[in-house]
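Examination of the molecular architecture
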Amino acid sequence: MREFPLTLSRFIIESQASHQGATGEFSSLLTQIGLVGKLISQDLRRAGLINILGATDDTNVQGETVKKLDAIANDDFVKVFQHSGYVCALASEEMEKPISIPGNWPHGKYMLLFDPLDGSSNTDNNMPLGAIFSVLKYDRGDRLPTDEELLCRGTEQIAAGYLLYGSSTMLVYTVGQGVYGFTLEPGIGEYLLSHERITIPDRGRVYAANEGNYHKWPGGTKKYLDSLKVSDKATGRPYSSRYSGCLVADVHRLLLGGGIYLYPGEVDKPEGKLRLLYEANPLAFVVEQAGGKASTGTSRILEVEPKKLHQRVPLIIGSRQDVEQAEAYIQGKA
Ligand code: AHG
Ligand code: MN
Ligand code: MN
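**Some points on the overall build of the protein**
Along its length, the protein carries seven helices and 15 strands. For 334 residues, the compact-globule estimate of 2.2 N^0.38 gives 20 Å, and the protein sits close to it at 19 Å. Based on the C-alpha atoms only, the size of the protein along its principal axes is roughly 60 × 50 × 45 Å. Looking at the protein residue by residue over its 334 residues, the buried ones come to 55%. Of the contacts formed within the protein by residues at least 6 apart in sequence, a portion of 63% connects residues at least 24 apart. As presented, the protein carries roughly 13,900 Å² of accessible surface, and 49% of it is formed by carbon and sulfur atoms. Taking the average location of the 35 positive side-chain charges in the protein and that of its 40 negative ones, the two points are 5 Å from each other.

**Regarding the coordination of the manganese ion (ligand 2)**
Donor atoms from the polypeptide that bind the manganese ion (ligand 2) are D115 (OD), D118 (OD) and E279 (OE), placed at 2.0 to 2.1 Å. In the primary structure, the donors to the manganese ion (ligand 2) are separated according to the pattern D-x2-D-x160-E. Between the manganese ion (ligand 2) and the manganese ion (ligand 3), both coordinated by D115, there is a metal-metal distance of 3.7 Å. Taken together, the positions of D115 in strand 5 (residues 110-118) and E279 in helix 6 (residues 276-289) put the pair 164 residues apart, joining distant regions of the chain. With respect to burial, D115 and E279 carry one shared label: buried.

**As for the coordination of the manganese ion (ligand 3)**
Coordination sphere of the manganese ion (ligand 3), protein contribution only: E93 (OE), E93 (OE), D115 (OD) and L117 (O), at 2.2 to 2.7 Å. Taken in chain order, the donor set of the manganese ion (ligand 3) reads E-x21-D-x1-L. Given a relative accessible area of 0%, D115 falls into the buried group.

**Describing the nonpolar core**
L255 and Y261 are the most contacted members of the largest nonpolar core, which totals 47 residues. Here this core takes nine residues from helix 6, the largest share from any one element. If you count residues domain by domain, this core takes at least three from each of domain 1 (8-195) and domain 2 (206-330). Sequence-distant contacts of L255, that is, excluding residues within four places in its chain, are made with Y162, V172, V179, I198, T199, I200, P201, V286, V287 and A290.

About the cut-offs
- Residues numbered from 1 in each chain as written.
- Chains lettered and ligands numbered in written order.
- Predicted model: local features only at pLDDT ≥ 70, side-chain atom pairs only at ≥ 80, totals over all residues.
- Heavy atoms only, no water.
- Helix = DSSP H or I, 4+ residues; strand = E, 2+ residues; numbered from the N terminus.
- Rg over C-alpha atoms; globule rule 2.2 N^0.38 Å.
- Buried < 20%, exposed > 50% of the residue type's maximum accessible area, 1.4 Å probe, protein only.
- Contact = heavy atoms within 4.5 Å.
- Areas by Shrake-Rupley, 256 points an atom, 1.4 Å probe, with all protein chains shown as cover.
- Lys, Arg positive; Asp, Glu negative; His and termini not counted.
- Charge placed at Lys NZ, Arg CZ, Asp CG, Glu CD.
- Donors = N, O, S within 2.8 Å, 3.2 Å for Na, K, Ca; no water.
- Core = buried A, V, L, I, M, F, W, Y, C linked by side-chain atoms within 4.5 Å.
- Domains from an automatic or database assignment.

See the structure below:
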């Protein structure tokens, strides 16, 4: 008798039944995120052939040129969730304002915040891409959330994760009971459990940062990066540099093998580039659940008080010892 594959929905219902995130509704919400992953993955496999490369004429609220695939991925998330009945609000990197589900449509008790396509500079050169999602609970009966009620600290997330469009398509998530990875089996269109309880090594030997910005960084950050390049057998230095241009791909690499990703604050831009609510918070939840750490350089990402939907935050994330060492340098203690 064949061993029945452990699909995403079966895994959630069977092995996390004790957790609040294990309701059928939540399992279906995650399955819908998997559906977006299948739609985008399908497009990406043929991207050069179906006129989805390049940029639109639009600029988003971030002030960035919107790539065709940014818009396609955002539309897929909105179309899949707007009528799903699982969410009461949607907020995206690509939409200035959140979408609240009209009162006369079915809506659920979850607020979904997402980066529909992460690593957009990689769309036209066949390099890795991802999507990042954060799930908050909103259970006020028929009342719909105000925009301000979306501005929750990362500690209030009930689930978070990412889709990685790499050599294979993966869905990695946590509901606060460890981190689980599923790989899309295109032959049957199902996500099957491939990485059970992912734990990040306490220290790595890899760092990911855009060193083209080195001259913009404060002195402590520069000293930390310099320290990674000197030989030190005790700590495995020099570290190897691995930077893909896609936060999801770089974080996934260090989640499995250890190491550190930095998009630090700059002297003239102390808030950095990455967005708190739908990039830093969800990845911080995943990495902490795997035993790692996520910091602004001076404080825990998950405890940053959000003031605006598209608020930016410096992000230092990865193996615990590596992040703590970076914090010491950034805070002038090393
Ligand atoms: P997005 O494509 O959603 O805007 O995210 C891009 C982010 C992140 O994925 C990546 O690590 C970083 O921006 C790259 O920024 P630089 O090109 O400035 O290095
Ligand atoms: Mn992004
Ligand atoms: Mn994006």
